Amino acid sequence: MEQCDIAIIGGGMVGALAAALLAPTGLQIRLVEAKAPTPFAPEQAPDLRVSSLSATSVRLLQQANAWASIMAMRAWPYQRLEAYEWQGFNTTFNAEDIDCAFLGYMVENRLVQLGLWHALAEWQNVHIDCPNGLTDLKQTDQGATLTLNNGQVLQAKLVLACDGAESHTRSFTDIGMTAWDYAQSCMLISMQGDALEPDTTWQQFTPSGPRAFLPLGLTTGSLVWYDQKHRIKALAELDNEALAEQVRLHFPDRMGHFKVLDKGQFALRRRHANQYVQGCVVLLGDAAHTINPLAGQGVNLGFKDAQALSDIIHHAVEGGLDFTDAKGLQRYQQQRRGDNLLMQGAMDVCYHTFSNDLLPLKILRNLGLSVAERSGPLKNKVMKYAMGL
Ligand SMILES: Cc1cc2nc3c(=O)[nH]c(=O)nc-3n(C[C@H](O)[C@H](O)[C@H](O)COP(=O)(O)OP(=O)(O)OC[C@H]3O[C@@H](n4cnc5c(N)ncnc54)[C@H](O)[C@@H]3O)c2cc1C
């Protein structure tokens, strides 16, 4: 039977960041991932799955020594964020108003993962086990015994569940989930155009759901179309040209001539684990919580989970204490559960406020956006909170 101090199940963005932040402790870490990310080549079209990373997430990726290799592949900064329903009632956030060079970066998820794996290769105490997966987990007095897909048996003192929303690791605990489906689902569309706004991400709210643009370069971007499930399903059946025609009809007229490169549909589900810790199993990222992506906060919250847990384990190791101590793990849950719940709630208020067609409410919310635009210091505070500053 092989042994390690910490087994991390799932080497996506959150699991790989957790491994990179924990590596300097010197603990023996095993990162088990089911599927290796496809290597990067500059001629590749942008992936469908992209994330808007906050300034705090960028700082954590720098701390993990991954940011330089992500930048050497592809990452795109944006300086302006616009939210509106009716033209003329916009709220616009500008990086220069808070003396920052950028509000955030748009990065393909796979490139974040590749950058982190590149950084992990430098650590002798981190072993990436891929392709491999978890088939069984039994908690013992010393931690947990894990059985992997290839038949290998692994003994770990602590297990981090970073295997996403449908976490298999979580299913070996009694941790319950609070979850519901949103009425809307969404479509991600990667596109290429010659008159995009590369420094601006914008979102127009409509009663059937928001329409958003995320810049990925001078001539590439990603569109997000939220709508009723049956509508998204019908759009997913169109070919790229017919879909581009629908985008021209239903998105704001501010993208010039463009073509659709790829598309994919995603169900929207809010989930929250009732506990983040049970025995030696700890949940992080989407394994603990999923959020409506309309403000692009999901992985940023997962990164904050990784940071909080890593700080607690560093503190224990540096003080010669037991890093699996239940009190430390409970502190992680206390720090992160409230913050994640607050952000989930804020997204739901936004979702419900904008998802109806009642005229008085429409007027009120447009006035609200207009007042927010003129609120100066308050607007800057909101912007800094969203950036994690
Ligand atoms: C449409 C959409 C748009 C989004 N946009 C944004 C955005 O702009 N900004 C943002 O911050 N967030 C965004 N998110 C959320 C973000 O994508 C997730 O929060 C993030 O991917 C979670 O990362 P994770 O590492 O926790 O999980 P995942 O990304 O799901 O990674 C889990 C990993 O575990 C592996 N795995 C699964 N099961 C096993 C197993 N049994 N054994 C071993 N490995 C396993 C998987 O292969 C995968 O690599 C969006 C989400 C959606 C649906």
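Note that the structure is predicted; figures quoted are calculated from it, not measured.

Visitor: Before we go on, may I ask you to explain unusual backbone geometry in this structure?
Guide: For residues other than glycine, phi is negative in most cases, and the peptide bonds are mostly trans. Following Cys-130, the chain continues to Pro-131 via a peptide bond in cis, the omega torsion being 0°. Relative to the elements of secondary structure, Pro-131 occurs in the loop between β8 (126-129) and β9 (134-140). With phi around 60°, Asn-65 is a residue other than glycine that occupies positive phi space. One can find Asn-65 in the loop between α2 (55-63) and α3 (67-73). You can call Asn-65 partly exposed: it has 17 C-beta atoms within 10 Å. For Asp-99, which is not glycine, the phi torsion reads 55° and is therefore positive. Structurally, Asp-99 can be placed in the loop between β6 (91-94) and β7 (104-108).

Visitor: Can you walk me through the sheet that holds strand β3 (residues 50-53) in this structure?
Guide: In a beta sheet, neighbouring strands are held together by backbone hydrogen bonds and run either parallel or antiparallel to one another. Spatial strand order, β3-β7-β4: 3 strands in an open sheet with antiparallel pairing. At either end of the open sheet lies a strand with only one pairing partner, and these are β3 and β4 (76-78). Averaged over all pairs of adjacent strands, the angle between their axes in this sheet comes to 25°, without regard to strand direction. Sheet topology places β3 next to β7; 4 bridges connect them, and they run antiparallel. Following the sheet pairing, Leu-53 is matched in β7 by Tyr-105.

Visitor: What is the right way to read the site of the ligand from this model?
Guide: In the vicinity of the ligand there are 32 residues, among which Gly-10, Gly-12, Gly-164, Gly-285 and Gly-298 approach most closely. Looking at the shell around the ligand, the elements that each hand over two or more residues are α1 (13-22), β3, β12 (177-193) and α7 (298-318). Considering every element that reaches the shell around the ligand, the biggest residue donor is α7, with 4 residues. Looking at side-chain class alone, the shell around the ligand contains 12 nonpolar, 16 polar and 4 charged residues. Shared between two domains, the shell around the ligand holds at least three residues of each, these being domain 1 (2-75 + 106-179 + 270-352) and domain 2 (183-269 + 355-387).

The rules behind these values
- Residues numbered from 1 in each chain as written.
- Predicted model: local features only at pLDDT ≥ 70, side-chain atom pairs only at ≥ 80, totals over all residues.
- Helix = DSSP H or I, 4+ residues; strand = E, 2+ residues; numbered from the N terminus.
- Buried ≥ 20, exposed ≤ 12 C-beta atoms within 10 Å, placed from the backbone.
- Pairing = 2+ DSSP bridges.
- Axes fitted to C-alpha atoms, helices over the stretch in contact; angles between N-to-C directions.
- Near = placed C-beta within 6 Å.
- Nonpolar A, V, L, I, M, F, W, Y, C, P; charged D, E, K, R; others polar.
- Domains from an automatic or database assignment.

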